Amino acid sequence: MDIVTNRPAAPDVNVPRRVLGSLLSSVSAGVVPRAGAPYIAIGRQDEITALLSDLEQIDAGGGAMRFLIGRYGSGKSFLIQLIRGYALERDFITADADLSPERRLYGSGGSGVATYRELMKNLASKASPDGGALPKLIARWIGQMQDELIREGVSAENPRFDELLGRKIGDAMRELEFLVGGFDFARVVTAYYRAYMEDGEAARERMSACLRWLRGEYATKTEARRDLGFAVSVIIDDDNWYDFLKLWASLVRRMGYRGLVVFIDECVNLYKITHRVSRENNYEKILAMFNDTLQGRAPGLGIVFGGTPQFLEDPRRGLFSYEALRSRLCDSRYALEGFKNLIGPVIRLRRLSDDELLALIRRITRLYATYYQWEARITDEEQIEFLRICLSRAGADSMITPREMLRDYMTVLNILMQNPEADFAHVVGQTVPTEPASAADGEDAWTPTPSEKKTEAQRRFSAEDLDF
C-alpha cells in the first residue's frame, strides 16, 4: 500500500449542525445520507463529470440513461444522492425511488405504479429539495404565467385577467395532448389550475382529487370521475406510468425548469425476481426506457439506475439474460481492463484509491470533532495505521468498500470520545479484526480454519447487502 502522507489538509467548511448530525448518523449506521453528501465526497471525479455531462444533454432537450454498477457498499447510492443534489442546484427537477419486492418497473397488483407513486412523493426542486414538490411546481408555474401577463401589459385588476390566464394555461397544455395520455393529463392539470384560482372547500377538494390522479392513486376510472367531476379515459396504472413520466419531463421544461432526472436505485431487486416472465417484463420496460432516452423520444428526461454486477452481468437472471439489453450494454471487445470509458451507458465504480480512503478518514475525523466539539485523540499516523489494518484483510486490496471502513472508523471515534482512558492501539485491537466479520444478513460469526480463511473472507465481502 502506497499512501501519500504529506498532502495539505482540506480547508474547514461550515456545515449546518442539523445537516452534520444527520450526516454522521447516516455514516455510522452504514446508510446513505440524503443531505450533506458533498461534504464527504472524495474521489469519483470522473464519474461525476460524466453524469454532469448528461445534465447538459438533458438541458439541450435530449434524453440520457446511465447504469451505475458496483458492489454492495461501493458508493452507488452515495453517488446518486450526490448527483441528485447537483441536479437540484442546476434547476432540474428530480425524482428518486428504491425498488423493492413491492415496487418494480412492471408488475401486476400495483407493483409498477407503486414505483411511480414513490417517484411523485420524492419529486423535488431547488425550493423543495426534500420532496413533495408537486403542488408547489404547479403553483409556481401559475405565478409565472400571471407575471408574464402583467409584463405583456394586462393589469391584475383587469376583469379579463383570469380569462386570459386560463387561455394561456390552456395553450401551454395543448402542446402535450399529442403525447400518450397527454389529453387527460392536460385536462387534470387545467382543472387543478381552475380550482386553485377559486376559494372554498369544494375547490380544495377538487385540487386534492387532481393531485391524487397525478400521483397515480386512483384504482378505477369510476372513482376518479366521481372525485374530479369529469370523465377521464385513463388512470395512471402499472402499464402506462412511464408514459406519464415522459409527460412530466415535457411539462417541467414548459414550466421553466431544465428537465427531469429520475434516479432508481436497488435494481438488484429485479435480479431477485424468481419468475422468469415477470423478470423479463421488467427488463423489457428498461429496454423501452433505454430506447426512448437515447433515440430522442423522451426529451428532457434522464434516468439513472443503480445496481450490482450480478444485476447487470448474470447470464441467467441479470440484464445480460435479456439479449436485447445484453447487446446494448455489454463491454466492447476493445474495452480492455485498465482503460476507463465513461461515455457509454454503463459506469462501473472502481475501488477508491488508498489516498482517497485516507482523505475520507481525515474528512470524517474533522467533521466528527466539529459536531461533538471534541479534540480527536487520534493522530495522522494512527489514521494511516487504521487504513493499513483495514487493507490487510484478505481480499481487501480489491474489495474494501467505503461503507464498511467508515462504519468501523466511526466505532473507533465513538469509543475514544466516550472513554477518555482508552487509547487507539487498544481500541483498534478490539474493534477492527484482521479477518472480516459475518455477512450483513445477520448470520452468526464463526472462525474459519486457516485453509478456509481467504476463500471465506472473499465470499463474505461479496455477500454484504447494504449500499453506501
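Below is a summary of the structure that appears in this document. Keep in mind it's a predicted model, so treat the numbers as computed, not measured.

## Quick look at the packing of helix α5 (residues 134-151) against helix α6 (residues 161-174)
Here's step 1: At a minimum axis separation of 10 Å, α5 and α6 run at an interaxial angle of 120°. The orientation of α5 relative to α6 falls into the category oblique. Along this stretch, α5 crosses α6, giving a crossing that reads as right-handed. In this structure, α5 uses Trp141, Ile142, Met145, Gln146, Glu148, Leu149 and Ile150 to contact α6, whose residues at the interface are Phe161, Leu164, Leu165, Lys168, Ile169, Ala172 and Met173.
Here's step 2: Here the residues of the contact of α5 with α6 are counted per class, giving 11 nonpolar, one polar and two charged.

## A closer look at empty space enclosed by the protein
Here's step 1: Summed over all chains, the structure comprises two cavities of 30 Å³ or more.
Here's step 2: Within this model, the second largest cavity holds a volume of roughly 70 Å³.
Here's step 3: What lines the second largest cavity is Leu51, Asp54, Leu55, Ile58, Ala64, Met65, Ile83, Val261, Gly302, Ile303 and Val304.
Here's step 4: Those elements that place two or more of their residues in the lining of the second largest cavity are α2 (45-59), β1 (64-69) and β4 (301-307).
Here's step 5: Residue contributions to the lining of the second largest cavity peak at four residues, all from α2.
Here's step 6: When the residues that make up the lining of the second largest cavity are grouped by side-chain class, the tally is nine nonpolar, one polar and one charged.

## Considering the packing of aromatic side chains
Here's step 1: For the structure on display, the rule yields 10 aromatic pairs.
Here's step 2: Summarising the aromatic geometry, the rings of Tyr192 and Tyr196 are spaced 6.4 Å apart at their centres and angled 20° between planes, so their arrangement reads as stacked. Taken together, the positions of Tyr192 and Tyr196, both in helix α7 (residues 182-196) and four residues apart, correspond to about one turn of that helix.
Here's step 3: Clustering of aromatic rings is evident, with ring pairs tying together Phe185, Trp213, Phe244 and Trp248.

## Regarding the sheet that holds strand β3 (residues 260-265)
Here's step 1: Strand order across the open sheet formed by five strands is β2-β3-β4-β1-β5, with parallel pairing between neighbours. Edge positions in the open sheet fall to β2 (93-98) and β5 (346-348), since each of these has one partner strand only. Pairwise comparison of adjacent strand axes, ignoring direction, gives a mean angle of 15° for this sheet.
Here's step 2: One ladder, built from six bridges, connects β1 with β4; its direction is parallel.

## Brief notes about the layout of surface pockets
Here's step 1: The calculated volume of the second largest pocket comes to roughly 460 Å³.
Here's step 2: For the second largest pocket, the lining is made up of 21 residues, of which Arg34, Ala35, Gly36, Gly85 and Pro129 are closest to its centre.
Here's step 3: Among the secondary structure elements, those contributing two or more residues to the lining of the second largest pocket are α1 (17-29) and α3 (76-89).
Here's step 4: The biggest single contributor to the lining of the second largest pocket is α3, with seven residues.
Here's step 5: Within the lining of the second largest pocket, the residues separate by chemical class into 11 nonpolar, four polar and six charged.

What counts as what
- Residues numbered from 1 in each chain as written.
- Predicted model: local features only at pLDDT ≥ 70, side-chain atom pairs only at ≥ 80, totals over all residues.
- Heavy atoms only, no water.
- Axes fitted to C-alpha atoms, helices over the stretch in contact; angles between N-to-C directions.
- Helix = DSSP H or I, 4+ residues; strand = E, 2+ residues; numbered from the N terminus.
- Parallel < 35°, antiparallel > 145°, perpendicular 65-115°, else oblique.
- Left-handed = near helix turned anticlockwise from the far one by under 90°.
- Contact = heavy atoms within 4.5 Å.
- Nonpolar A, V, L, I, M, F, W, Y, C, P; charged D, E, K, R; others polar.
- 1 Å grid on protein atoms, 1.4 Å probe; cavity = no way out; pocket = protein on both sides within 12 Å on 5 of 7 lines; lining within 4 Å.
- Points joined across faces, edges and corners; volume = space filled by probe spheres on them.
- Phe/Tyr/Trp six-rings, centres within 6.5 Å; stacked < 30°, edge-to-face > 60°.
- Pairing = 2+ DSSP bridges.

So, to be careful, I would describe these as geometric facts and stop short of saying anything about function.
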